[in-house]
Amino acid sequence: MPDPTQPAIAFENVTKSFDRAGGSAVADVSLAIRRGEFLSIVGGSGAGKTTLLRLAARLIAPDRGTVRIDGADVRALDPVAMRRTIGIVFQSGALFPHMSVADNIGITPRLAGVRAAEVTARIDRLIELVRLDGRRHRARFPHELSGGERQRVAVGRALANTPSIVLMDEPFGALDPLTRDALSEDYVALHRGLELTTVMITHDITEALLLSDRIAVMQAGRLAAAGTPAELAGSVDPYVAELFGTPLRQIARLAALLPGATPGVQR
Amino acid sequence: MTLDPRLGEALQLLPDYLGSHLRVSLTALALGAAISFPLALAARRRPLARAILLGVASVVQTVPGLALLALFYPLLLFASALAMRTAGVSFSAFGFLPAVLALALYSMLPVLRNTITGLDGIDPQLIEAARGVGMTRRQRLTMVELPLALPVIMAGLRTAAVWVIGTATLSTPIGQTSLGNYIFSGLQTQNWVFVLFGCAAAAILALVVDGLLALIAHGLRRHSRARLLLGACGCLALITVVLAPALPRPHGGYVVGAKTFTEQYVLAALLADRIEAGGHGVTLREGLGSSVIFAALRAGDVDVYVDYSGTLWTNTFHHREIPERAALIAALKDELKAAGVTLGGELGFENAYALAMPRQRADALGIRSIADLARHPGLTIAGDYEFFARPEWAALRDAYGLAFRSLRQMQPDFMYAAAAAGEVDVIAGYSSDGQIAQYDLVTLDDPRAAIPPYDAVVLLSPRRAGDQALRAALAPLNGRIDIETMREANLRAARGDADSSPGAVARWLWGRVREKAAARQ
């Protein structure tokens, strides 16, 4: 049982560089993510968001600094065993194209050595949990699904081995707005219901503001700011202020453009 | 309309040829894949090993199939001798083994390249996802990488299958029965029905195997059980056919060998008929290379075949001085005995190399003997594929001081017509070939006796040395085939009509032998 006093994930002065010239993808980042927290990571392309996520899953090792999961240095853990306890939703799903929906979801518990009968039961439960239709979707293959359905399967796969931590890399990025809205709200419900710790990368500031307990802003490999939506919206840092001012400015422009529209009454 | 008897004969041979062809091809393919697949997996992340591996495989691919197959015979002969000396075990370097090894080597490139390419082509995101869900290296390979690369790997296997089945037709000269037997014997005896039949059979077989593999590949990709099952059943059926003991496979009995020219096919058929008439089983191994066949006889892979005294004397035993006819045979018997081979009898005719040219042209140039040729250095000469590499040619050239403008190698059966048409001036033909008379060619005298006598002799392998049954079966042939009869037989066999198959000519020849025996009594 993890120590409840420890943060779920902790980055301590973590640096990671990919090129020999010394340009860092992640430079001296320190950040603690509390148990049960929903943290979004925002920032421009190449700011180091994905690198941070890969470091947390021990898909890569830091050059300097320490990454801790539930207080334990990941270097001391068996990476394969550790990854099985974490759920990951990859960019654009990355479902295994040669496996059916059921097999994609069942892969994580199966790898962890869960009994076949229990795996089947979990697949059924997760298909329901991510609001897919068991009868229609169970035996289908990824190429037979819509984008939204694929992302639901990806979430199901991440949750199938009952992780306490879920890492998501732009999980809803490629979806149409309606699907995106529905899926993200469904996910937040799961996050709360299953008492997960979630770290989500997103490009969408609005999405980050709406879903997150806390937001981390990455800029050129460094952690530029971290705080609740309200704290960041009032930041004096020019980059952060610019970033979080965007949705409000868009709303103002939309209101001017469409004077008759009243936001936020449907649903 | 009646069926061409050659087609009937071809069909009769089909189970044996097809079965052998399939057996050698599938074994080679399985072996090739079994070697190249793990090699590809091991080398794909090591750039140097990968470059070397693909380089070597590519080079092997550029070696002509016939040469690759031919090289494996002496290689294995050497290995077998070495194994005998060091470990006391020997294996047959003849037929199946060298063919399988050479073809397996030939099949490696497409499997290697496609396995590496297929694995390289996988979306890196999926590899990351496989790591992310907690797969070990091995699990990643078996659960994600291999299934995703499978279509490309299968495509490589299909290419390899088509290549191997095609190239297996070239394994005839090293003693492996295959569909190539039709092509080789058809080409030698101008039996175009055989040639076409062999080509068509090999092509159809290649298409069928390719189709079955395609079916499996589609089944795997489309997750279609039905296709997968159908393809697998087809392959299984082929493998069953290959392994089924009921099918005519290397039947026991005597193995009769033949070299690669018309007379040899006819004589092998004649020997086989006689042995079968004596109530024994026979297997024919036709189209064997000159050097392969004697080694195969010594090793016991061939039991009996007809060779020529001069050929053995100069080529096999490397003598340079040439005794007269009877002395040569006597000396040859001793040499053969030392090699464990028995000279079972002389057929009665001689098939000598003879320089020949069109009568009119010889008269016009005043050429009567080989010595006269030296006065005309601007002429061209054609010989069979081995003549100019044989010691007889060197002896002839040195004895008379011959100089030709060019030396051409030719399919033996086409030489005579080429000389008659004036495409070449002189040919090194065979004195027993009826085409010499047919095209009105004259053979040139050899006053310095540079060319040895070439009496046709029956040779027996070491283990058949004391085999009285075999000797009794062949005894009626000894001394009964004169040169005129053999010429006519060769002419019949080269006629290219329905009655020109070696079997039919052999039956005709046997009829003549019996007539002669009856006339003498």
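The text that follows walks through the structure, step by step, so that each part is easy to find. (Residues numbered from 1 in each chain as written. Chains lettered and ligands numbered in written order. Predicted model: local features only at pLDDT ≥ 70, side-chain atom pairs only at ≥ 80, totals over all residues. Heavy atoms only, no water.)

A few words now on the overall build of chain A. In terms of regular secondary structure, chain A is built from ten helices and ten strands. Each principal axis of the C-alpha atoms in chain A carries an extent, and together these give about 55 × 55 × 35 Å. A total of 267 residues make up chain A; the buried ones form 49% of that total. In chain A, once contacts between residues fewer than 6 apart in sequence are set aside, the share between residues at least 24 apart is 68%. When the accessible surface of chain A is split by element, carbon and sulfur atoms take 54% of a total near 12700 Å². (Helix = DSSP H or I, 4+ residues; strand = E, 2+ residues; numbered from the N terminus. Buried < 20%, exposed > 50% of the residue type's maximum accessible area, 1.4 Å probe, protein only. Contact = heavy atoms within 4.5 Å. Areas by Shrake-Rupley, 256 points an atom, 1.4 Å probe, with all protein chains shown as cover.)

The strands that make up a sheet pair up through hydrogen bonds in the backbone, lying either parallel or antiparallel. All names here are of chain A. With mixed pairing, six strands are arranged side by side in an open sheet as β6-β7-β8-β3-β9-β10. Each end of this open sheet is capped by a strand with a single partner; those strands are β6 (86–89) and β10 (222–227). Across the sheet, the mean angle from the axis of one strand to that of its neighbour is 15°, orientation sign disregarded. With four bridges joining them, strand β3 (residues 38–42) and strand β9 (residues 214–219) adopt parallel strand pairing. (Pairing = 2+ DSSP bridges. Axes fitted to C-alpha atoms, helices over the stretch in contact; angles between N-to-C directions.)

Residue and element names in this part refer to chain B. Look at helix α3 (residues 65–87) against helix α4 (residues 96–120): their axes get within 9 Å of each other, and the N-to-C directions meet at 130°. On the basis of their axis angle, the class for α3 and α4 is oblique. At the point where α3 passes α4, the crossing takes the right-handed sense. Residues G65, L68, L69, F72, Y73 and L76 of α3 form the contact with α4, whose own contacting residues are L97, P98, A99, L101, A102, L103, L105 and Y106. Taken together, the residues that form the contact of α3 with α4 break down as 13 nonpolar, one polar and no charged. (Parallel < 35°, antiparallel > 145°, perpendicular 65-115°, else oblique. Left-handed = near helix turned anticlockwise from the far one by under 90°. Nonpolar A, V, L, I, M, F, W, Y, C, P; charged D, E, K, R; others polar.)

Shape descriptors only; they carry no functional weight alone.
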